[in-house]
Amino acid sequence: MKSTIVVLPGDGIGPEVTEEAVRVLQDVGSKFGHEFTFTDYLIGGRSIDRFGTALTAETLAACKASDAVLLGAVGGPKWDDPHAKVRPEQGLLALRKELGLYANLRPVKPFPVLVNVSPLKPEKLKFVDLIVVRELTGGLYFGKPRGRDRVNGFVRAVDTMEYYDYEIKRVVEFAFKLAKSRRKKVTSVDKANVLETSRLWRQTAVAVASGHVDVLLEHMLVDTASVRLITSPSSFDVVVTENMFGDILTDEVSVLTGSMGMLPSASLGDNGPGVYEPVHGSAPDIAGKGIANPIGAILSAAMLLRYSLHLERESVAIETAVDQAVTNTLRPMDLGGRLNTRQMTDRIIAHIVSNQ
Ligand code: NAD
């Protein structure tokens, strides 16, 4: 297979971890006989420095024309001024919107060898295998009106939470289809006791469920979900929720794996390329030291193979290699180990080779 992959390394540790994910993909390509072409473009802070915008039209066009996009992370103290007109995350939001990436998938499956690194008791982590489907292009982060004005001498700030039924329907449909290939349970998370958007969300979820009688639907308020994801994470299979709730809950469940550095994500739409990126940010505190955990980016590359290139065997080969490469003594530094970014990747690549 021949595929074109756009790489958007971004800022901070983004370039360090995407470089390793590309090395893994190159290894898989040569091992399984595929031709992957990689082209780098700027996004986020470095794009602002060079072009004055977080996402140029050229970068966007290259992403649209590609088979898949591999992204690192954006942002950092240099671009943190709250009064700045252009901000790194505008690049991400625009990319998601322009590519129609309405479903963000974040799988969470703790590695058995790492259960002691998690702040949760090992028995809580047994059988945890969940995936959060977060709505990505609607809700509070995009709703209008937004901004500030003055009312009766006071400064007022406004954000708007807005959802159309079709936006809810397509992401809940996505969650149900995903659940069919898993344990056939969907937990729809909302705040229907307070929010009108959540009442529409719940009503739409019920309508979608009627077309999938083999999948169990449960509703859960977001406050309850935030507790249950920690007290009984193994009871969840597919969790589907709106943009902001998903943003917060996915960071919460990332602690189950012991470190944010382990978690991958995929952002998908109906057509066109998906965007694959680790869940973590640009980690300015460790950037440039070569010690970042590359596993979130490498597992994102595995998701890229699965969801955009439909190379399931190759995707599983990476996941299995990661499983085997991380041991009690050999692990990245954020998990209490001593392997730097390059060494951790080398071990993973060695296991991909030895599996074939
Ligand atoms: P962060 O995820 O960058 O870092 C949080 C902590 O986790 C830090 O101590 C960091 O060193 C550590 N960490 C994160 N990834 C790691 C890895 N792969 N290996 C080892 N340790 C790792 O979150 P933050 O500090 O809140 O944000 C830093 C910057 O990243 C901010 O500018 C923020 O806006 C941006 N950010 C970007 C994204 C994105 O691009 N998708 C997501 C979150 C935050």
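The structure presented is a predicted model; accordingly, all values stated were derived computationally and were not measured.

**Quick word on the sheet that holds strand 11 (residues 264-268)**
Reasoning step 1: The strand order 2-1-3-12-11-4-5-10-8-9 describes an open sheet built from ten strands, whose pairing is mixed. Where the open sheet ends on each side, the last strands, each with one partner, are strand 2 (35-40) and strand 9 (216-221). With direction set aside, neighbouring strand axes in the sheet form an average angle of 25°.
Reasoning step 2: Note: strand 4 (residues 103-108) against strand 5 (residues 130-135), six bridges, orientation antiparallel. Within strand 5, the position partnered with A103 by the bridge is E135.
Reasoning step 3: Its contacts with the sheet put helix 7 (residues 196-209) on strand 5, strand 8 (185-190), strand 9 and strand 10 (238-241), and the angle it makes with strand 9 is roughly 170°.
Reasoning step 4: Here helix 10 (residues 295-307) sits on the sheet in contact with strand 1 (2-10), strand 2, strand 3 (68-73), strand 4, strand 5, strand 11 and strand 12 (274-278), set at roughly 35° to strand 11.

**Concerning the packing of helix 1 (residues 14-32) against helix 11 (residues 312-325)**
Reasoning step 1: Contact geometry of helix 1 with helix 11 gives a least axis separation of 11 Å together with a crossing angle of 130°. On the basis of the axis angle, helix 1 is oblique to helix 11. Helix-helix and strand crossings are classified by hand; for helix 1 and helix 11 the assignment is right-handed. Seen from helix 1, the contacting residues are V24, V28 and F32; seen from helix 11, they are R313, E314, A317 and I318.
Reasoning step 2: A per-class count over the contact of helix 1 with helix 11 returns five nonpolar, no polar and two charged.

**So, the site of the ligand**
Reasoning step 1: In the region of the ligand, 19 residues are neighbours, and V74, G281, A283, D285 and N293 sit closest.
Reasoning step 2: Between E277 and the ligand, the recorded distance is 3.4 Å, taken from a side-chain N or O atom to a nitrogen atom.
Reasoning step 3: Contact between the ligand and S282: an oxygen atom at 3.0 Å from a main-chain N or O atom of the residue.
Reasoning step 4: Its residues assigned to classes, the shell around the ligand comprises nine nonpolar, seven polar and three charged.

**Describing helix 1**
Reasoning step 1: For helix 1, which comprises 19 residues, the first-to-last C-alpha distance of 27 Å matches the rise-based estimate of 27 Å (1.5 Å per residue) to within 8%.
Reasoning step 2: One or two steps after helix 1, the chain reaches G33, where phi turns positive at roughly 80°.

**Quick look at the pairing of strand 7 (residues 154-160)**
Reasoning step 1: As judged from the six bridges shared by strand 6 (residues 143-151) and strand 7, these two strands associate in the antiparallel manner. Along strand 7, the bridge assignment pairs G147 with V158.
Reasoning step 2: The antiparallel pairing of strand 6 with strand 7 creates a hairpin that spans two residues between the two strands, and N152 there sits at a positive phi of about 50°.

**Comments concerning the layout of surface pockets**
It is a probe the size of a water molecule, rolled over the atoms, that shows where empty space is left.
Reasoning step 1: Size it by volume and the largest pocket reaches roughly 750 Å³.
Reasoning step 2: Lining the largest pocket are 29 residues, with P107, V108, K109, D129 and E319 sitting closest to its centre.
Reasoning step 3: Secondary structure elements with two or more residues in the lining of the largest pocket: strand 4, helix 5 (122-125), helix 10 and helix 11.
Reasoning step 4: In this structure, the second largest pocket encloses a volume near 560 Å³.
Reasoning step 5: Taken together, 29 residues make up the lining of the second largest pocket; nearest its centre are V74, L92, R96, V279 and G281.

What counts, and where the lines are drawn
- Counting restarts for each chain, with residues numbered from 1 along the sequence as it is written.
- Local features in this predicted model are restricted to residues whose pLDDT is 70 or higher, and side-chain atom pairs enter the listing and the counts only when it is 80 or higher, whereas totals over whole chains, interfaces and linings include all residues.
- Water and hydrogen atoms play no part in the side-chain values, which are based on all heavy atoms of the structure.
- If DSSP finds at least two bridges between two strands, the strands pair.
- Only DSSP runs of H or I covering at least 4 residues are called helices, and only runs of E covering at least 2 are called strands; the numbering of each starts at the N terminus.
- Axis definition: a line fit to C-alpha positions, over the contact stretch in the case of helices; interaxial angles, taken between N-to-C directions, run 0 to 180 degrees.
- Throughout, a contact is declared for two residues whenever any of their heavy atoms are within 4.5 Å.
- When an angle is under 35 degrees it counts as roughly parallel; over 145 it counts as roughly antiparallel; between 65 and 115 it counts as roughly perpendicular; any other value is oblique.
- Throughout, a crossing is termed right-handed when the near helix is turned clockwise from the far one, and left-handed when it is turned anticlockwise from it by less than a right angle.
- Each residue is assigned to one class: nonpolar for Ala, Val, Leu, Ile, Met, Phe, Trp, Tyr, Cys and Pro, charged for Asp, Glu, Lys and Arg, and polar for all the others, Gly among them.
- Proximity criterion: a residue is near a molecule or strand once any of its heavy atoms comes within 4 Å of it.
- N or O atoms within 3.5 Å of each other form a polar contact, as long as, within protein, one can give a hydrogen and the other can take it, and as long as residues adjacent in sequence are counted only when both atoms are side-chain atoms.
- The span one expects for a helix is its residue count, reduced by one, times 1.5 Å.
- With a 1 Å grid laid over protein atoms only, a set of points is called a cavity when a 1.4 Å probe fits there but cannot get out and a pocket when it is open yet has protein on both sides within 12 Å along at least five of seven lines; lining residues have an atom within 4 Å of a point.
- Grid points are joined across faces, edges and corners, and a volume is the space filled by probe spheres set on the points.

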